[in-house]
Amino acid sequence: MDKKFKAHNGIENLFWTALAIVLLIAIVLKLNDSSNIWANILYFTFTILFILSTTIKEYVITDLNFIEIRFVLRLFSKNKRIPIGDILGIKKQKKNQIRIDLVRGFEILRVSPSDIDAMITELTDRNPRIKVIKEVE
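One structure accompanies this document, and this report is about it. (Residues numbered from 1 in each chain as written. Predicted model: local features only at pLDDT ≥ 70, side-chain atom pairs only at ≥ 80, totals over all residues. Heavy atoms only, no water.)

### A word on the packing of aromatic side chains
Threshold: Only centres within 6.5 Å qualify two rings of Phe, Tyr or Trp (six-membered ring in Trp) as a pair; their planes then separate them into stacked at under 30 degrees, edge-to-face at over 60, and tilted for everything else. Put simply, a charge is over a ring when the Lys NZ or the Arg CZ is close to the ring centre, within 6 Å, and near the line of the ring normal, within 35 degrees.
In this structure the tally under the stated criterion is 0 aromatic pairs. Taking NZ or CZ as reference, R81 lies 4.1 Å from the ring centre of F66, over its face. Lying across the ring of F106, R99 places its NZ or CZ 3.9 Å from the centre.

Laid out in structure tokens, this is it:
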């Protein structure tokens, strides 16, 4: 059974929403030029769909021992898979961030603060060789 964890989609969504509002204002101000109204509507709709499809995501630990980064609206983005066997260490950086050290490089996941400890325990249960580095404050 796949275990799902909520991503912390907070601050990025606020910036994208601000961008969408600025684009909406620009489109409304251009309404005086009514010859191009359908192009403006199409552009704005595409912008909203792109913003939503690239920001709202969740993390799933699959039965095949992968961490899968799934996007809720998969229109323009592709799911990413991280093998749990490639994880060397986990460090909780902030209240909503986990740094996963991999064999090649690292990955930073923004997990919901209520799900962060459950995700760490699930990963260490699946791969006991993972070193959990305690946060220093």
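There is more to say, and it comes next.
### A word on the sheet that holds strand β1 (residues 3-6)
Short version of the rule: One bridge is not enough; two strands pair if DSSP finds at least two bridges between them. The helix and strand labels rest on DSSP assignments: H or I over at least four residues marks a helix, E over at least two residues marks a strand, and numbering proceeds from the N terminus. Inter-axis angles, ranging from 0 to 180 degrees, are taken between N-to-C directions of lines fitted to C-alpha atoms, where helices are fitted over the stretch in contact.
Taken in spatial order, the 4 strands line up as β1-β2-β3-β4 in an open sheet, and their pairing is antiparallel. Both outer strands of the open sheet, β1 and β4 (80-83), are each paired with one neighbouring strand and no more. Within the sheet, the average angular offset between the axes of one strand and its neighbour, ignoring direction, is 25 degrees. Relative to β4, strand β3 (residues 66-71) is paired through 4 bridges, and the arrangement is antiparallel. Across the sheet, I69 pairs through a bridge with K80, a residue of β4.

### Remarks on a nonpolar patch on the surface
Here is the rule we go by: Nonpolar side chains (Val, Leu, Ile, Met, Phe, Trp, Tyr) within 5 Å and like charges within 9 Å form the patches, drawn only from residues with over 30% relative accessible area and no salt bridge. The accessible surface values rely on the Shrake-Rupley method and a 1.4 Å probe; as for residues, cover is taken only from the protein chains in view. Salt bridge criterion: a side-chain nitrogen from Lys or Arg within 4 Å of a carboxyl oxygen from Asp or Glu.
A surface patch of nonpolar side chains, amounting to about 390 Å² of accessible area, comprises L49, L52, V72, L73 and L75. Tracing the chain through its elements places V72 in the loop between β3 and β4.

### Quick notes on the pairing of β3
In terms of strand pairing, strand β2 (residues 57-61) meets β3 through 5 bridges, oriented antiparallel. In the strand pairing of β3, I61 is matched with I67. In sequence, β2 turns back onto β3 through a hairpin of 4 residues, with N65 there showing a positive phi of about 60 degrees.

### Comments concerning the environment of L19
Where we set the bar: Partly exposed describes any residue whose relative accessible area lies between the buried limit of under 20% and the exposed limit of over 50%, with all areas from a 1.4 Å probe on protein chains only and scaled to the type maximum.
Counting through the fold element by element, L19 comes out in helix α1 (residues 10-29). Accessibility expressed as a relative area gives 37% for L19, which makes it partly exposed. Distance in space between the C-alpha atoms of L19 and I51 is 9.3 Å, their sequence separation being 32 residues.

### Description of the side chain of Q97
To keep things clear, this is the line we draw: Whether two residues touch is decided by their heavy atoms; if any such pair falls within 4.5 Å, the residues are in contact.
Structurally, the position occupied by Q97 is in strand β6 (residues 97-102). Looking at Q97, the relative accessible area reads 7%, which means it is buried. Beyond its immediate chain neighbours, meaning those up to four positions away, Q97 contacts K91, K92, I108, L109, R110 and I116.

### Description of the pairing of β6
In terms of strand pairing, strand β5 (residues 87-94) meets β6 through 6 bridges, oriented antiparallel. Across the sheet, the residue bridging to I90 is I100, located in β6. Counting the residues that bridge the hairpin from β5 to β6 gives 2 residues. Bridging between β6 and strand β7 (residues 106-110) involves 5 bridges; their strand directions are antiparallel. Each residue of the ladder has a partner; that of I100, found in β7, is E107. Counted along the chain from β6 to the antiparallel partner β7, the turn is 3 residues long, and its residue G105 has a positive phi close to 95 degrees.

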